[in-house]
Amino acid sequence: MKHSKYAMFELLVLIFGAGTVFVLILSSPWQTPVEITAQLLLIPILVGVLHYGRKGGLVTFPLASAVYLAIRVPDIIKIGLVGPIFQLLIVRVLVYGVVGIGGGMICSRIKYLFARLERQDLIDDVTSLYNPNYLAQLIERYEQEFKRYQNPFSVAILKIDSKAFNKLKEAQLRTQLREMGSTIRNNTRAVDEVGRVSNTEFGLIFPYTNASRATVAGKRIQKLVANYLKKQRYFVENDVKIRLEIFGYLDDKRRLRRLRRRLATKAF
């Protein structure tokens, strides 16, 4: 469930971006069909980064690059990889990469910025992710959306054993939690919701995702957090545990209701 401001931002950027591409095409009528297609490939990249954030950019950027290379193959076979064609290949791939990867990272953060600007009490002041009370509100909203449109959703709770940070001072702990929050947020879709449940516990909401797919995504995030802790030398194998719990609506309706009530009364 997107915030109204981010949804409006997404629509405006998409209209402006697609409009710019069409203006560039119409203003240069001498362009070849290949180069017109190359510019049109920016639109699916833009859709991917706006809707799915960094993950969307990482998927659409190489796909667009592969499509452009494929439509250039006949020219390469005919005249070889001469200077102008090679330069166009490099420029197109660079542009796709900047829009896909750079744009994806920016969009992943903008949603939380809009939430902070709209209502300060939605955001955890340590990680800049959503706070538990707002996660509870989001779960309730997705439940209502399921009743209306039958759109599935799942929730993942990732709990890190607090003993991983026993030796850290308060300021160091806040820094590590903030960086872990960024690691989680940067490796989810822009449409996903990420929040902090308690001191070392994070919650993720996966819209349009059943429990099995959420489990795959949750385990990937679990592994990323474990790798982060190992690099920081706070993680001790077989000692510090990172527990993952998955709730899929509608099958886990009762458990999700209990989770929602717990989140709604959470304070830290």
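Before reading on, note that the structure itself is shown above.
A brief look at the structure comes next. (Residues numbered from 1 in each chain as written. Predicted model: local features only at pLDDT ≥ 70, side-chain atom pairs only at ≥ 80, totals over all residues. Heavy atoms only, no water.)

Attention now moves to the pattern of salt bridges. Under the criterion given, the structure shown has 10 salt bridges. In this structure, Glu35 and Arg72 form a salt bridge, with 2.6 Å as the shortest nitrogen-oxygen distance. Placement of the pair is Glu35 in helix H2 (residues 33–40) and Arg72 in helix H3 (residues 42–79), with a sequence separation of 37 residues. The pair Glu35 / Arg72 is uniform in exposure class, with both members buried. Notably, a salt bridge pairs Asp75 with Arg72, separated by 2.8 Å at the nearest N-O pair. Taken together, the residues Asp75 and Arg72, both in helix H3 and 3 residues apart, mark about one turn of the helix. Note on Arg72: relative accessible area 8%, which makes it buried. (Salt bridge = Lys/Arg side-chain N within 4 Å of Asp/Glu carboxyl O. Helix = DSSP H or I, 4+ residues; strand = E, 2+ residues; numbered from the N terminus. Buried < 20%, exposed > 50% of the residue type's maximum accessible area, 1.4 Å probe, protein only.)

The next subject is a positive patch on the surface. Side chains of Lys147, Lys253, Arg254, Arg258 and Arg261 sit close together on the surface and give a patch of like positive charge. Of all the elements, helix H8 (residues 253–264) adds the most residues to the positive patch, at 4 residues. Along the polypeptide, Lys253 turns up in helix H8. The partly exposed category is assigned to Lys253, whose relative accessible area is 32%. (Patch = residues over 30% accessible without salt bridge, like charges linked within 9 Å, V, L, I, M, F, W, Y side chains within 5 Å. Areas by Shrake-Rupley, 256 points an atom, 1.4 Å probe, with all protein chains shown as cover. Lys, Arg positive; Asp, Glu negative; His and termini not counted. Charge placed at Lys NZ, Arg CZ, Asp CG, Glu CD.)

It is worth spelling out the packing of helix H6 (residues 170–186) against helix H7 (residues 211–232) at this point. At a closest axis distance of 10 Å, the pairing of H6 and H7 adopts a crossing angle of 145°. At the point where H6 passes H7, the crossing takes the right-handed sense. Contact residues: Gln176, Glu179, Met180, Thr183 and Ile184 in H6; Ile221, Val225, Tyr228, Leu229 and Gln232 in H7. For the contact of H6 with H7, the residue count by class is 6 nonpolar, 3 polar and 1 charged. (Axes fitted to C-alpha atoms, helices over the stretch in contact; angles between N-to-C directions. Left-handed = near helix turned anticlockwise from the far one by under 90°. Contact = heavy atoms within 4.5 Å. Nonpolar A, V, L, I, M, F, W, Y, C, P; charged D, E, K, R; others polar.)

This part covers the nonpolar core. One finds Ile160, Phe165, Met180, Ile184, Val225 and Leu229 to be the most contacted residues of the largest nonpolar core, which totals 25 residues. Mapped onto this core, the elements with two or more residues apiece are strand E1 (153–160), H6, strand E3 (201–207), H7 and strand E4 (242–249). The element contributing the most residues to this core is H7, with 7 residues. The residues contacting Ile160, other than those within four sequence positions of it, are Phe165, Met180, Thr200, Phe202, Val225, Leu229, Lys241 and Ile242. Listed in part, the 20 residues of the second largest apolar core include Tyr130, Leu138, Tyr142 and Val155. (Core = buried A, V, L, I, M, F, W, Y, C linked by side-chain atoms within 4.5 Å.)

What follows concerns helix H5 (residues 132–149). Since one α-helical turn is 3.6 residues long, residues separated by three or four positions face the same way. Between the first and last C-alpha of H5 there are 25 Å, a value that for 18 residues agrees with the 26 Å anticipated at 1.5 Å per step. Contacts from the buried residues of H5 go to E1, strand E2 (193–198), E3, E4 and H8. (Expected span 1.5 Å × (residues − 1).)

Here the focus is the sheet that holds E4. Taken in spatial order, the 4 strands of this open sheet run E2-E3-E1-E4, and their pairing is antiparallel. Both edges of this open sheet fall to E2 and E4, since each of them pairs with a single strand only. Neighbour-to-neighbour, the strand axes of the sheet open up by a mean angle of 20°, direction not taken into account. Along the sheet, H5 contacts E1, E2, E3 and E4; its crossing angle with E2, the most-contacted strand, is approximately 135°. (Pairing = 2+ DSSP bridges.)

Interpretation in functional terms is not warranted from these geometric data alone.
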